[in-house]
Amino acid sequence: MVDGGPHDVGTITPMGRRTSLVLLIAVAGSLLTVAPASAQSDGGRCSERFPDAVFDTVADAGPVRVYGSDVTQPLLDRYANDWGELIEMVQPEMGGLDGGVAVCVFDDLLPLDAEALGWPRNQLLRAVAFGEEGLVVVSSWLIAETPDAGRNGLLHVAQYRISAGTYPEPFGNEVIGWYRNRVDRTVEIVHNSFVRQNSGLSEPWDPFPWTAGRMVDPLLWNPEFGYGGGGDFANYAVTTAGNAVLSDPLTSDLLRLDEGWRQTLFDESGAVLGGSKGWMLGLFLSIGLLLLGAFAAWWSRRQKRALQEKMLDLDWLEEMSREAQEREAVRTSIAVGRGRRDPRVSRPGSDSVDVDGDDGNGSPSGGERRAGSNRMSRRAQSGDDLFHHPGFDEDD
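Here the structure is a predicted model, which means the values were calculated and not measured.

Focus on a nonpolar patch on the surface
Link 1 in the chain: A cluster of nonpolar side chains, namely Leu289, Leu292, Phe295, Trp298 and Trp299, defines an oily patch on the protein surface of about 590 Å² accessible area.
Link 2 in the chain: Looking at the element boundaries, Trp298 is found in helix H11 (residues 278-332).
Link 3 in the chain: According to the relative accessible area criterion, Trp298 is partly exposed, its value standing at 49%.

Section: the packing of helix H3 (residues 73-93) against helix H6 (residues 171-184)
Link 1 in the chain: Close contact between H3 and H6 brings their axes to 10 Å; oriented N to C, the two are set at 135°. In this view, H3 runs oblique relative to H6, as classed from their interaxial angle. Crossing geometry of H3 relative to H6 is assigned as right-handed. Here H3 contributes Leu86, Met89, Val90 and Glu93 to the contact with H6, which in turn contributes Trp178, Tyr179, Arg182 and Val183.
Link 2 in the chain: Tallied by class, residues from the contact of H3 with H6 come to six nonpolar, no polar and two charged.

Looking at the state of the cysteines
Link 1 in the chain: For the structure on display, the rule yields one disulfide.
Link 2 in the chain: Paired through a disulfide, Cys46 and Cys104 show a sulfur-sulfur distance of 1.9 Å. On the sign convention where negative is left-handed, the bridge of Cys46 and Cys104, at about -100° about the S-S bond, is left-handed. On the criterion of sequence distance, the pair formed by Cys46 in helix H2 (residues 44-49) and Cys104 in strand E3 (residues 102-106) is long-range, its members being 58 residues apart.

Some remarks on H3
Link 1 in the chain: Along its 21 residues, H3 runs 30 Å from first to last C-alpha, staying within 8% of the 30 Å computed at 1.5 Å per residue.
Link 2 in the chain: The principal kink in H3, of about 25°, is found at Ile87.
Link 3 in the chain: Within H3, the full set of buried residues consists of Leu75, Leu76, Tyr79, Ala80, Asp82, Trp83, Gly84, Leu86, Ile87, Met89, Val90 and Glu93.
Link 4 in the chain: Of the residues one or two after H3, Gly95 is the one with positive phi, at around 80°.

What to know about the environment of Pro74
Link 1 in the chain: Position of Pro74 relative to the elements: it lies in helix H3.
Link 2 in the chain: Taking C-alpha positions, Pro74 is 9.5 Å from Thr57, a pair spaced 17 residues apart along the chain.

Describing the nonpolar core
Link 1 in the chain: In this structure, Trp83, Val103, Val105, Leu154 and Tyr179 are the most contacted members of the largest nonpolar core, which totals 53 residues.
Link 2 in the chain: Sort the elements by how many residues they give to this core and H3 lands first, with nine residues.
Link 3 in the chain: Ignoring any residue separated from it by four or fewer positions in sequence, one finds Val103 in contact with Cys46, Val64, Arg65, Val66, Tyr67, Trp83, Val136, Val138 and Leu154.
Link 4 in the chain: Core analysis: the next-biggest nonpolar cluster, separate from the first, contains 18 residues, Cys46, Ala53, Tyr67 and Leu112 among them.

Cut-offs used in this document
Residues numbered from 1 in each chain as written. Predicted model: local features only at pLDDT ≥ 70, side-chain atom pairs only at ≥ 80, totals over all residues. Heavy atoms only, no water. Patch = residues over 30% accessible without salt bridge, like charges linked within 9 Å, V, L, I, M, F, W, Y side chains within 5 Å. Areas by Shrake-Rupley, 256 points an atom, 1.4 Å probe, with all protein chains shown as cover. Salt bridge = Lys/Arg side-chain N within 4 Å of Asp/Glu carboxyl O. Helix = DSSP H or I, 4+ residues; strand = E, 2+ residues; numbered from the N terminus. Buried < 20%, exposed > 50% of the residue type's maximum accessible area, 1.4 Å probe, protein only. Axes fitted to C-alpha atoms, helices over the stretch in contact; angles between N-to-C directions. Parallel < 35°, antiparallel > 145°, perpendicular 65-115°, else oblique. Left-handed = near helix turned anticlockwise from the far one by under 90°. Contact = heavy atoms within 4.5 Å. Nonpolar A, V, L, I, M, F, W, Y, C, P; charged D, E, K, R; others polar. Disulfide = S-S within 2.5 Å. Expected span 1.5 Å × (residues − 1). Bend = angle between axes of the 7 residues up to and from the residue. Core = buried A, V, L, I, M, F, W, Y, C linked by side-chain atoms within 4.5 Å.

Given below as structure tokens:
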């Protein structure tokens, strides 16, 4: 083969190879620098609000766009699915979430001047909702609290948009609590708790000032402390008057609805049906009957014990009378009053009976003769030798 010299293009010199390699590296570097730029440009409303932040993930929740900064795609998709369920309820019932609403999710701290917004200096700001801008900014520092924070922010934006910032409070907070209960499937549980709170009352609750104030914007809060009101009144109002209560509460008769709600809770409690105070009379009558029964039982026992005591006394008297009669019968069967003058006292040597005087403890008044007369006749003496000394008569 004939060498074509230095101008022959059929061969590549070492210098040419080095030049080609430099060009390839330059092209690759330019491609690497262009790719992140395209990703940053997809931040939409969040990039406009936070130009220094990088939003590298994105997801859709119905008409709402969700952007993540240092948040993984699976986690952002989880948040978007949760908020999408809420948006499917809010949009047809109240509206206000179409037309460029966005949610910006940061991994930790929010790039905002919290103190300038009115947040306490010694607390970290984790959630903000700009109703006028249609923007919700939340932190995923606590993953379990982020879904609730996004719900609260989206409902604030919806209320601001449909009312131009005049949505009444605390009714607005009540509506947020009602949507929370629906998402959590706790509407019936919350209602039952309100019914139990009315048990034992003598009349319904006092009227509640649902339209006492107006919403504030932007809304700043701590997701760790929960959000929303009880939600039971909003549930009653929508069930009774329809969705117009949500979209235009200022023209709705919230005073009448509040009265019906409070009376319904009072009636369902079952303690004092219809607000009647007759239960108090019934209670007093029941207590009186119990006391009367207790008194009757005590009096019956007292009478029974008194009767038993009387019967015991009669038995004792009968016993005493019987013993007295027995003693009297024994006393009358024994000869009494037989002194030495008793005619049955015998004289010695004679079987006749003489009347003898009683000299007491002194010597017989008749002397020896008189003493001898005091001896018993042999017929009257006992014939038992056990009591008769053999030489008793010989001493005479």
